[in-house]
Amino acid sequence: MRIVALAGGIGGARFLRGLLAAVGPQDEITVIGNTGDDIHLYGLKVCPDLDTVMYTLGGGIHEEQGWGRTDETWSIKAEMKEYGVGPEWFGLGDRDFATHLVRSQMLTAGYSLSQVTEALCVRWKPGVRLLPMSDDRVETHVRITDEQGTRAIHFQEYWVKLHAAVDAEAIIPIGADTAKPAPGVLEAIAAADVILFPPSNPVVSIGTILAVPGIREAVAAAPAPVVGLSPIIGGAPVRGMADKVLAAVGVEATAEAVALNYGSELLDGWLVDTADGGAVSTVEAAGIACRAVPLLMTDVDATAEMARAALALAEQVRA
């Protein structure tokens, strides 16, 4: 079975770990990773979502945080602070710095982000084929109004520095409209037996991937069933502040509203948590097959059960 998953950072990475536990060694998983969260810091290209997937599946993630490296140290950050060089609000540990140094050196040498990601994965062996959504530069910005007035800031500043404490007025994927899908992305979607939307942020993770011209159209046209898992349980995000960015695009923070925002032109199936069983009829009335199953990723076994439920729904839709 050839499975394609569109994934963001922590939620997507943890779901993928369960997916790997649920499928057989003969199955092939291609992950199309969000690069809208990418940011340049200290002269380095940082790809938070790609790295979170790579570290999580490769056994190097800081489990409690869900991001960054395990057994991390912070000497470089401390030295940068002594020089008065920031930003202090974004933490890059010493081990993590090495990844960004290698990536930046290779990009400067003329390699594409796809080639760099493939090279980094040689070390981490994530068990999936990890593709950036695009080799072109795309950055998600957020329009806010605060004491400084109305302005657009990088998504990382909004999420990490401000903790989404200010209302998001608009989400703008800068560069997405002129970006091209990375090599292999459209081919993987067209050849897939199943396409999955993990419980990643539907606006700034999966939504940004779909904003790259050609990807949404490829998913909509794919012969494979497309099944998503709700990142909202009981009217609240499982993790993070997805409700803040959902509000910016006029979508309620409910399992059914997220499904309807994707729409039946993209989704064939949708899983909601058992706490949201009442949403099933609403989603199905919109032409999307829906089931209620436990969706809390408490451990790998529970996450693997979620993945099996998604694959089972895909088979039911296909039939």
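Structural data are supplied above this passage.
Remember, predicted model here, so these are calculated numbers, not experimental data. (Residues numbered from 1 in each chain as written. Predicted model: local features only at pLDDT ≥ 70, side-chain atom pairs only at ≥ 80, totals over all residues. Heavy atoms only, no water.)

Novice: Is there a simple way to explain the overall build of the protein in this structure?
Specialist: Regarding its fold elements, the protein presents 13 helices and 14 strands. For 319 residues, the compact-globule formula gives about 20 Å, and the C-alpha radius of gyration of the protein, at 19 Å, lands near that figure. For the protein, the spread of C-alpha atoms along the principal axes amounts to about 60 × 50 × 35 Å. When burial is assessed residue by residue, the protein has 54% of its 319 residues classed as buried. Within the protein, counting contacts between residues at least 6 apart in sequence, those at least 24 apart form 70% of the total. In the form shown here, the protein has an accessible surface area of approximately 13,300 Å², with 52% of it arising from carbon and sulfur atoms. Considering the protein, the positive charge centre built from 23 side chains and the negative charge centre built from 40 side chains are found 4 Å apart. (Helix = DSSP H or I, 4+ residues; strand = E, 2+ residues; numbered from the N terminus. Rg over C-alpha atoms; globule rule 2.2 N^0.38 Å. Buried < 20%, exposed > 50% of the residue type's maximum accessible area, 1.4 Å probe, protein only. Contact = heavy atoms within 4.5 Å. Areas by Shrake-Rupley, 256 points an atom, 1.4 Å probe, with all protein chains shown as cover. Lys, Arg positive; Asp, Glu negative; His and termini not counted. Charge placed at Lys NZ, Arg CZ, Asp CG, Glu CD.)

Novice: What is the right way to read the sheet that holds strand β7 (residues 149–154) from this model?
Specialist: Sheet strands line up and pair through hydrogen bonds in the backbone, either parallel or antiparallel. Here we have 3 strands laid out as an open sheet, ordered β7-β6-β8, and antiparallel in their pairing. The open sheet is flanked by β7 and β8 (170–174), the only strands paired with a single partner. The sheet shows a mean angle of 30 degrees between the axes of neighbouring strands, direction not considered. Inspection of the sheet shows strand β6 (residues 139–146) paired to β7 by 6 bridges, in the antiparallel sense. If you follow T145 over to β7, its bridge partner there is T150. (Pairing = 2+ DSSP bridges. Axes fitted to C-alpha atoms, helices over the stretch in contact; angles between N-to-C directions.)

Novice: Teacher, can you tell me more about the sheet that holds strand β5 (residues 129–132) here?
Specialist: Read from one edge to the other, the open sheet built from 7 strands follows the order β5-β2-β1-β9-β10-β13-β14, with strand pairing classed as parallel. Only two strands of the sheet have a single partner each, and these edge strands are β5 and β14 (289–292). Each strand of the sheet is rotated relative to its neighbour by a mean of 20 degrees, with strand direction disregarded. Each of β1 (2–7), β9 (194–197), β10 (226–229), β13 (269–272) and β14 is contacted by helix α13 (residues 300–318), which is oriented at about 145 degrees to β13, the strand it contacts most.

Novice: Whenever I open this one, the side chain of S200 confuses me. Can you help?
Specialist: By the element assignment, S200 lies in the loop between β9 and α8 (206–211). Of note is the side chain of S200, whose polar atom sits 3.4 Å from the backbone nitrogen of G12. (Polar contact = N/O pair within 3.5 Å; in protein donor to acceptor, adjacent residues only side chain to side chain.)

Novice: Any chance you could explain the pairing of β9 here in plain terms?
Specialist: A regular strand places its side chains so that they alternate between the two faces of the sheet. A two-sided burial pattern is seen for β9, the buried positions comprising V194 and L196 on one face and I195 and F197 on the other. Here β1 runs beside β9; their pairing, made up of 3 bridges, is parallel. Residue pairing across strands places A5 opposite L196, the latter belonging to β9. Sheet topology note: the β9/β10 ladder contains 3 bridges and is parallel. Residue pairing for β10: I195 is matched across the bridge by V226.

Novice: Would you take a moment to explain the pattern of salt bridges for this structure?
Specialist: Oppositely charged side chains are able to pair whenever their charged atoms sit close together. A complete count under the given rule lists 11 salt bridges for this structure. For R17, the salt bridge is made with E63, and the minimal N-O distance between the two is 2.8 Å. Remark: E63 occurs in the loop between α2 (48–58) and α3 (75–82) and R17 occurs in helix α1 (residues 10–22); sequence separation between them is 46 residues. The class of R17 is partly exposed, set by a relative accessible area of 23%. Put simply, K45 and D38 hold a salt bridge, and the shortest N to O gap is 3.5 Å. Summarising the burial analysis for this pair, K45 and D38 share the class buried. (Salt bridge = Lys/Arg side-chain N within 4 Å of Asp/Glu carboxyl O.)

Novice: Please clarify how the packing of helix α4 (residues 94–108) against helix α5 (residues 113–124) should be interpreted in this entry.
Specialist: Between two packed helices, both the angle of their axes relative to each other and the distance between the axes serve to describe the pair. Close contact between α4 and α5 brings their axes to 10 Å; oriented N to C, the two are set at 140 degrees. As the angle between them shows, α4 and α5 are arranged oblique. Between α4 and α5 lies a crossing whose hand is right-handed. Residue-level contacts link T99, V102, R103, M106 and L107 of α4 to L113, V116, A119 and L120 of α5. (Parallel < 35°, antiparallel > 145°, perpendicular 65-115°, else oblique. Left-handed = near helix turned anticlockwise from the far one by under 90°.)

Novice: Can you walk me through the packing of aromatic side chains in this structure?
Specialist: Going through the model one piece at a time under the given rule, you end up with 6 aromatic pairs. Ring geometry for Y42 against F97: centres 5.6 Å apart, planes inclined by 40 degrees, an arrangement best described as tilted. Here the residue Y42 occupies a position in the loop between β3 (39–41) and β4 (44–46), and F97 occupies one in helix α4, the gap between them amounting to 55 residues. With a relative accessible area of 6%, F97 lands in the buried category. When the centroid spacing of 5.2 Å and the interplanar angle of 65 degrees are considered together, the rings of Y55 and W124 count as edge-to-face. Within this pair, whereas Y55 is found in helix α2, its partner W124 is found in helix α5, the two being separated by 69 residues in sequence. Summarising the burial analysis for this pair, Y55 and W124 share the class buried. Members of the aromatic cluster, connected to one another through ring pairs, are F197, Y262 and W270. (Phe/Tyr/Trp six-rings, centres within 6.5 Å; stacked < 30°, edge-to-face > 60°.)

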